[in-house]
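The residues making up each chain are set out below.
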Amino acid sequence: MSTDDLRAIDLLGRVRYGRVATSMRAMPFVAPARHIVKDDNVVLRMHRGMGYHRACSGSVVAYGADNFHTGEPDLWSVQFTGTASMIRPTTDELALFGPGPHHVDGEPFEPVYMSLTPQFATVHVLEYATGQPAGQPTEQPAELSGSGSVSGRRHDRHAA
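Residues numbered from 1 in each chain as written. Predicted model: local features only at pLDDT ≥ 70, side-chain atom pairs only at ≥ 80, totals over all residues. Heavy atoms only, no water.

J.: I'd like a description of the overall build of the protein chain, backed by residues and values.
T.: Across its full length, the protein chain carries 4 helices and 9 strands. Traced from its N-terminal end to its C-terminal end, the protein chain shows the element sequence α-β-β-β-α-β-β-α-β-β-β-α-β. Within the protein chain, the fraction of its 160 residues that count as buried is 37%. In the protein chain, of all internal contacts separated by at least 6 residues, the share reaching a separation of at least 24 is 69%. (Helix = DSSP H or I, 4+ residues; strand = E, 2+ residues; numbered from the N terminus. Buried < 20%, exposed > 50% of the residue type's maximum accessible area, 1.4 Å probe, protein only. Contact = heavy atoms within 4.5 Å.)

J.: A description of unusual backbone geometry should follow, citing residues and the corresponding values.
T.: Glycine aside, the phi torsion of most residues is negative, and most peptide linkages are trans. Phi angles above zero are rare outside glycine, and Ala-26 is one such case at about 65°. Along the polypeptide, Ala-26 turns up in the loop between β1 (17-24) and β2 (27-38). Positive phi values are uncommon outside glycine, yet Asp-105 reaches one of about 50°. Assignment of secondary structure puts Asp-105 in the loop between β6 (103-104) and β7 (107-108).

J.: A description of the pairing of β2 should follow, citing residues and the corresponding values.
T.: As paired strands, β1 and β2 are joined by 8 bridges and run antiparallel to one another. Pairing of Met-24 across the sheet is with Met-27, part of β2. Between the end of β1 and the start of β2, which pair antiparallel, lie 2 residues, with Arg-25 showing a positive phi angle near 50°. Judged from the 5 bridges that link them, β2 and strand β3 (residues 41-47) form a sheet pairing that is antiparallel. Among the inter-strand pairings, Lys-38 is bridged to a residue of β3, identified as Asn-41. Counting the residues between successive antiparallel strands, the hairpin from β2 to β3 contains 2 residues, one of them, Asp-39, with a positive phi of roughly 50°. (Pairing = 2+ DSSP bridges.)

Structural data, given as structure tokens:
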């Protein structure tokens, strides 16, 4: 794995939930999912009742997560793109996921699991000026004033 891939995997491991995106009947959608990282794969747990797993299975999906809700001074976002496939999780994987919600949209939670082998990993880091909390208004946002930076990297894991 490249340094960028390792960084993306490390950041993903810092949060528990993200969003999976693909299309269903030619319409894009984004759905919440719980994730774990296992052997360079991203393993997802979703609610079967939404039916989104059927659109994801065998398709190229994007899975993203971020720390935007944490209040940390520097914000990051990661995205993994690859083909998703339905799996039966191991006992160890189930333990890493922990308990699921009792209900999703008023329905009893019924988990379904997918594995995503990333083809691309993208990391975006928003660095704010020292002493300026993330998300706080300023006269000029740090990204635009030159006192901070916004960086993004895309890495093709299969490129030479």
